[in-house]
Amino acid sequence: AWLCFQLYGYCYQDSNDIPDTLTTITELGSPLEMIQLLQTSWEDRFRICLSLVRLLHYLAHSPLGSVTLLDFRPRQFVIVDGELKVTDLDDASVEESSCTSNSDCFMEFPARNFTLPCSVEGRCQSMNEKRNLYNAYRFFFTYLLPHSAPSSLRPLLDKIVNATGNHNKCGNANLSPSVNSEFTQKCVKSANTHKSEYRRVPEAFIPDENYRCWPSYHHKGCLLSVFDVNEAIEICDSYSQCKAFVLTNQTTWTGRQLVFFKMASNHIVPDPDKITYVKVTD
């Protein structure tokens, strides 16, 4: 279901006006707009890239053989519940290019070119897989992964993106276990070992006193994901306007906890599902 649109039903009709008509009913997805994606949280963009990795793996090892998407561009994909899905498979091909020498296996892209080996069977080795991989790199990974990534993950992400751009599928395969494992742990590493002191107020919430930060899961406030209270303290200490934060009982898809960061704590109300931390010293 994560590969392409889920088919709920179809209807075939044959009339004098429109012969041989097939109507399909599929799930609803959101068009993939790169500018909008760059304004979302890095965690959401990482999830999209992760679903793209699963798609690349399936295309390379499908029951039909290695499948390439000849029109591998953002307009061919949609977002469904945070996952990337293919909407159009009309340009999919399972034919590996024939060759008599390596020069016949020349792949040309706007930024760089590749020459693949010609196998003894007269086929360009892994051309379908390599074409998908480089298109994923130039249309998705190079924009979505490094942009506003957690500082602790940037060296690893740079290595993965560069390996993918060089047609090294090993770098692409490491995207899931390496990055996901480290991201679900602590992502903020403060250079300042001094931490402010906070007073814990259980079953309490600050309804107002919002300020905007980027990226945020809430467009009118500063709502970020954290691994634990210590990471929330480091984030609050890094914002000069932050004077308190509220732990919610909500988590992201990776299991990280959502936290509201506030610029004051003048009005605290009871809330059994939240815990408030108020800064008492700087």
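Residues numbered from 1 in each chain as written. Predicted model: local features only at pLDDT ≥ 70, side-chain atom pairs only at ≥ 80, totals over all residues. Heavy atoms only, no water.

Grouped together as the largest cluster of nonpolar side chains are 42 residues, with contacts concentrated most on Phe-77, Phe-140 and Phe-141. Other than its neighbours up to four places away in sequence, Phe-140 contacts Leu-32, Met-34, Leu-52, Phe-72, Pro-74, Phe-77, Leu-84, Asn-135 and Leu-145. With 16 residues, the next largest nonpolar core counts Leu-224, Val-226, Ala-232 and Val-259 among its residues. (Core = buried A, V, L, I, M, F, W, Y, C linked by side-chain atoms within 4.5 Å. Buried < 20%, exposed > 50% of the residue type's maximum accessible area, 1.4 Å probe, protein only. Contact = heavy atoms within 4.5 Å.)

With antiparallel pairing, the three strands of this open sheet are ordered in space as S3-S5-S6. Each of the sheet's edge strands pairs with one partner strand only, and the pair in question is strand S3 (30-31) and strand S6 (83-86). Relative to strand S5 (residues 77-80), S3 runs antiparallel, the two being bridged by two bridges. Each bridged residue has a counterpart across the sheet, and for Ser-30 the counterpart in S5 is Ile-79. Strands S5 and S6 of the sheet are contacted by helix H2 (residues 42-60), whose axis makes an angle of about 40° with S6. (Pairing = 2+ DSSP bridges. Helix = DSSP H or I, 4+ residues; strand = E, 2+ residues; numbered from the N terminus. Axes fitted to C-alpha atoms, helices over the stretch in contact; angles between N-to-C directions.)

The next point concerns the sheet that holds strand S11 (residues 222-226). Sheet architecture is open: five strands sit in the order S10-S14-S12-S13-S11, paired in antiparallel fashion. Edge strands, defined here as strands with exactly one partner in the open sheet, are strand S10 (198-205) and S11. Pairs of neighbouring strands in the sheet enclose a mean axial angle of 30°, with direction left out of account. Pairing analysis gives five bridges linking strand S12 (residues 244-251) to strand S13 (residues 257-262), with the strands arranged antiparallel. Following the sheet pairing, Leu-247 is matched in S13 by Val-259.

Function cannot be read off these values alone, since they describe shape.
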